[in-house]
Amino acid sequence: MRIHQGTFSFLPDLTDEQIERQIDYILRNGWSVSIEYTDDPHPYNNYWLMWGLPMFDLKDAAGAMFEFKKCREAFPNHYIKINGFDPSPMWQAQRVSFIAHRPTQDDPGFRLKRTLWSDGRVQKYGLEPYATDKPAGERY
Amino acid sequence: MTETLHSADLQALLQETGVPEVLERLDRELIGLAPVKGRIREIAAYLVVDKLRRELGLGGSRPVLHMAFTGNPGTGKTTVAMRMATILHRLGYIRRDHLVVASRDDLVGQYIGHTAPKTKEILKRAMGGVLFIDEAYSLYRSENERDYGQETIEILLQVMENQREDLVVVLAGYADKMEQFFSLNPGMRSRIAHHIQFPDYTEAELVAIGQLMLTEQNYYLDEAAAQAFAEYVACRMRLPNFANARSIRNAIDRFKLRQARRLFERGGQVTPDDLRRIAEEDIRASQVFKDCAELEQGGHHAP
């Protein structure tokens, strides 16, 4: 199954050229770009690992593209996303985030995990990525 | 190939880019520097031809435009570099009209592992435009082989080679020190296509530069002052620590101070003309004339 997180996730994968133009859009709005990666695709996994620091003061997409390609080289088997942070007053929040690289087109998906509660009278449900059965770094 | 192009079409194409306008402004605002302007013209012409070749499907590899500016202090290296971004942008060689100025402090770190991220951050910021490294020779310190500057140079070389389409690097520095820098870093020399030498200004050019600076700041020299200024320049050129246009700029700042003091001491009504005019006495009061006379006398009695 395909992991759907962030913008463009229902579209076919973006090409490098399209990614560069999306970064350009982020910069044109005055937002700063950051790159994050993970191999835990759980939807509640908010804390992806940062690839370097967020890139402030960038004028051209080439700089961020350079870092993205470096990240992809280092972590070909991880999900990589590109974020745009809007530093303006009243926002000061992430405005855009999209997955720019996937380790596989066919993610094994999620297991429904049942937990018995209150001596078995209550059942709680959770999701668990099949990928996380393996240790970090060897998942894809 | 049936299609032929008249050289007039080339001219029209050049006109279209708006480059002649920039070059004209360069001519107007920067006095002298004939070899520099000549080289910029060549580059401009070359880029137009290259663009045309590309359109006709004759395009080869992208021309390398990394440059090194060498010359004595105050010969306009930084000023020209600032214009370079605009010129290259108009020609469509770089995507953005922006210039990042960096020196050793911005690029070289203070401990192991500090240099690479620091250098990369500056490089990323400059991408799409021009990176200007002032006093580039300071990146390499031959007396200390463990100096982190070496790391910066390696990263720089890598990016200059692999990301030619994203970044133009301009190195600047004094001629002798840059020569030493290049001889110790042959990789750097070979990756720079354009070595541009900035000549010293002549006396007449310095006077013209002074006049231009004054006009830009809404001052003017009266007739006697103009004469005194010409003498001042001739004197200053012979004294030690002469830094071409920079010395002239500093001298003008001092003239302005003296003019302000003179106006205060005189008191009474001040007209707009008084505020704009630099008088002979503002210039003649300079220490330079005294030093110059001393130098002449000293010259005769020198052992």
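This is a predicted model, so every value here is computed, not measured. Here, residues in each chain are numbered from 1, in the same order as that chain's written sequence. Lettering of chains starts at A and numbering of ligands starts at 1, both following the order in which they are written. Residues qualify for local features only when their pLDDT is at least 70, as the model is predicted, and side-chain atom pairs are given and counted only at 80 or more; totals for whole chains, interfaces and linings, by contrast, use all residues.

Q: Hey, could you run me through the overall build of chain B in this one?
A: The way it works is that DSSP assigns letters per residue, a run of H or I at least four long becomes a helix, a run of E at least two long becomes a strand, and they are numbered from the N terminus. Of the regular secondary structure elements, chain B holds 15 helices and 7 strands. Dimensions of chain B, computed from the C-alpha atoms along their principal axes, are close to 70 × 55 × 40 Å. Any residue whose C-beta has 12 or fewer other C-beta atoms within 10 Å is treated as exposed, any with 20 or more as buried, and any in between as partly exposed, C-beta atoms being built from the backbone. Here chain B, with 303 residues, has 34% of them falling under the buried criterion. Our contact criterion uses C-beta atoms placed from the backbone: two residues qualify when those atoms are within 7 Å. Considering only residue pairs separated by 6 or more positions, chain B has 78% of its internal contacts joining residues 24 or more positions apart.

Q: Is there a simple way to think about the domain arrangement of chain B in this case?
A: Accessible area lost upon the coming together of the parts serves often as the stated size of an interface. Domain annotation for chain B reports domain 1 (7-198) and domain 2 (203-301). Contacts between the two partners involve 7 residues from domain 1 of chain B and, on the opposite side, 9 residues from domain 2 of chain B. Here the limits of each domain have been adopted from an automatic or database domain assignment.

Q: Can you help me understand the pairing of strand E4 (residues 93-101) of chain A in this one?
A: In regular strands, side chains alternate between the two faces of the sheet. All names here are of chain A. Strand pairing follows a simple DSSP-based rule, namely that at least 2 bridges must link the two strands. Summarising the sheet, strand E3 (residues 79-86) and E4 pair through 7 bridges and their orientation is antiparallel. Bridging from a neighbouring strand, Asn83 pairs with Ser97 of E4. Counting the residues between successive antiparallel strands, the hairpin from E3 to E4 contains 6 residues, one of them, Met90, with a positive phi of roughly 80 degrees.

Q: What's the story with unusual backbone geometry in this structure? I'm lost.
A: If a residue is not glycine, its phi is most likely negative; likewise, a peptide bond is most likely trans. Residues and elements named next belong to chain A. Non-glycine residue Phe8 carries a positive phi angle of around 65 degrees. As for its position among the elements, Phe8 is in the segment before helix H1 (16-28). On the neighbour-count criterion, Phe8 (17 C-beta atoms within 10 Å) is partly exposed. For Gln92, which is not glycine, the phi torsion reads 40 degrees and is therefore positive. Positionally, Gln92 belongs in the loop between E3 and E4.

Q: Can you help me understand the UniProt feature "domain: AAA+ ATPase" (unreviewed entry) in chain B in this one?
A: UniProt positions are given in the numbering used here, feature names are shortened, and annotations may be inferred rather than shown by experiment. Following the UniProt record, one finds the feature "domain: AAA+ ATPase" (unreviewed entry) at residues 63-202 of chain B. Annotated as residues 63-202 of chain B, this span is 43% helix and 17% strand, and its ends, taken at the C-alpha atoms, are 34 Å apart.

Q: Honestly, the UniProt feature "domain: Ribulose bisphosphate carboxylase small subunit" (unreviewed entry) in chain A in this entry has me stumped. Any pointers?
A: Taking the UniProt record as the reference, the feature "domain: Ribulose bisphosphate carboxylase small subunit" (unreviewed entry) is found at residues 4-103 of chain A. Taken end to end, residues 4-103 of chain A is 27% helix and 26% strand, and its first and last C-alpha atoms sit 14 Å apart.

Q: Any chance you could explain the sheet that holds strand E2 (residues 99-102) of chain B here in plain terms?
A: The strands that make up a sheet pair up through hydrogen bonds in the backbone, lying either parallel or antiparallel. All names here are of chain B. Strand order in the open sheet made by the 5 strands is E2-E3-E4-E1-E5, with parallel pairing throughout. On the outer flanks of this sheet lie E2 and strand E5 (194-198), each paired with one strand and no other. Strand after strand, the sheet turns through a mean of 20 degrees between neighbouring axes, direction not considered. Where strand E1 (residues 67-71) lies against strand E4 (residues 168-173), 4 bridges are found, and the strand directions are parallel. Directly across from Thr70, in E4, lies its bridge partner Gly173. In this description, a line fitted to the C-alpha atoms serves as the axis of each element, helices being fitted only across the stretch in contact, and the angle between N-to-C directions of two axes falls anywhere from 0 to 180 degrees.

Q: Looking at this structure, I do not really get the pairing of strand E5 (residues 110-117) of chain A. What am I missing?
A: Residue and element names in this part refer to chain A. Within E5, only 0 of the 8 residues are buried, which leaves the element largely exposed. Bridging between E5 and strand E6 (residues 122-129) involves 8 bridges; their strand directions are antiparallel. Across the sheet, Leu116 pairs through a bridge with Gln123, a residue of E6. What sits between E5 and E6 in their antiparallel hairpin is a turn of 4 residues, with Ser118 showing a positive phi close to 45 degrees.

Q: Can you walk me through the interface of chain A and chain B in this structure?
A: Listed by partner, the interface residues are 8 residues for chain A and 9 residues for chain B. Amino acids are sorted into nonpolar (Ala, Val, Leu, Ile, Met, Phe, Trp, Tyr, Cys and Pro), charged (Asp, Glu, Lys and Arg) and polar (every other residue, Gly among them). Partitioning the side of chain A that touches chain B into residue classes produces 4 nonpolar, 1 polar and 3 charged.

Q: Honestly, the nonpolar core in this entry has me stumped. Any pointers?
A: Side chains that are nonpolar tend, in soluble globular proteins, to be buried together. Joined through C-beta atoms within 7 Å, a set of buried Ala, Val, Leu, Ile, Met, Phe, Trp, Tyr and Cys residues constitutes a nonpolar core. Grouped together as the largest cluster of nonpolar side chains are 77 residues, with contacts concentrated most on Val130(B), Leu131(B) and Val170(B). Here this core takes 7 residues from helix H2 (residues 61-74) of chain A, the largest share from any one element. Leave out the neighbours within four places in its chain, and Val170(B) touches Met67(B), Phe69(B), Ala81(B), Met84(B), Val130(B) and Phe132(B). Core analysis: the second largest hydrophobic core is formed by 19 residues, Val207(B), Ile209(B), Ala251(B) and Ile278(B) among them.

Q: It is not clear to me how the confidence of the model for chain B should be interpreted in this structure. Could you clarify?
A: Residues and elements named next belong to chain B. On average, residues of chain B carry a pLDDT of 86, and 96% of them reach 70 or more. Predictor confidence is given residue by residue as pLDDT, running from a minimum of 0 to a maximum of 100. Looking across chain B, the model is least confident in helix H1 (residues 7-17), with a mean pLDDT of 74, and most confident in strand E3 (residues 130-133), with 93. Among the prediction metrics, the complex's ipTM stands at 0.75, with pTM recorded as 0.79.

Q: Can you help me understand the sheet that holds E3(A) in this one?
A: Residues and elements named next belong to chain A. The strand order across the open sheet formed by 4 strands is E2-E1-E3-E4, and the pairing between neighbours is antiparallel. The two strands at the open ends of the sheet, each matched to only one other strand, are strand E2 (49-50) and E4. Packed on one face of the sheet, H2 meets strand E1 (32-38), E3 and E4 and runs near 5 degrees to E1.

Q: Hey, could you run me through the environment of His66(B) in this one?
A: All names here are of chain B. Mapped onto the elements, His66 comes out in the loop between helix H3 (34-55) and E1. For His66 and Ala285, which are 219 residues apart along the polypeptide, the C-alpha to C-alpha distance reads 46 Å. Not counting residues within four places of it along the chain, the set of residues in contact with His66 comprises Met160, Val168, Val169, Arg191, Ile192 and Ala193.

Q: Which parts of the structure should I look at to understand the packing of helix H2 (residues 19-29) of chain B against helix H4 (residues 77-90) of chain B?
A: All names here are of chain B. Two numbers describe how H2 lies on H4: the axes approach to 9 Å, and their chain directions differ by 160 degrees. What the angle tells us is that H2 and H4 run roughly antiparallel. Viewed along their axes, H2 and H4 form a crossing whose handedness is left-handed. Along the contact surface, H2 presents Val19, Val22 and Leu26, while H4 presents Arg83, Thr86, Ile87 and Arg90. What sets the label is the angle itself: under 35 degrees gives roughly parallel, over 145 gives roughly antiparallel, 65 to 115 gives roughly perpendicular, and the rest give oblique. Take the far helix as the reference: if the near one is turned anticlockwise from it by less than a right angle, the crossing is left-handed, and if turned clockwise, right-handed.

Q: Can you help me understand the environment of Glu223(B) in this one?
A: For Glu223(B), the position within the fold is in helix H11 (residues 223-238). In sequence terms Glu223(B) and Asp50(B) are 173 residues apart; their C-alpha atoms lie 50 Å from each other.

Q: Before we go on, may I ask you to explain H1(A) in this structure?
A: Residue pairs spaced three or four apart in an α-helix point in one direction, given the helix's 3.6 residues per turn. Residue and element names in this part refer to chain A. Here the expected span of a helix is defined as 1.5 Å times the quantity of residues minus one. Between its first and last C-alpha atoms H1 spans 18 Å; for 13 residues at 1.5 Å apiece the expected length is 18 Å, and the two agree. On the buried face of H1, the contacting elements are E1, H2, E3 and E4. Count one or two residues on from H1 and you reach Gly30, which has phi positive near 80 degrees.

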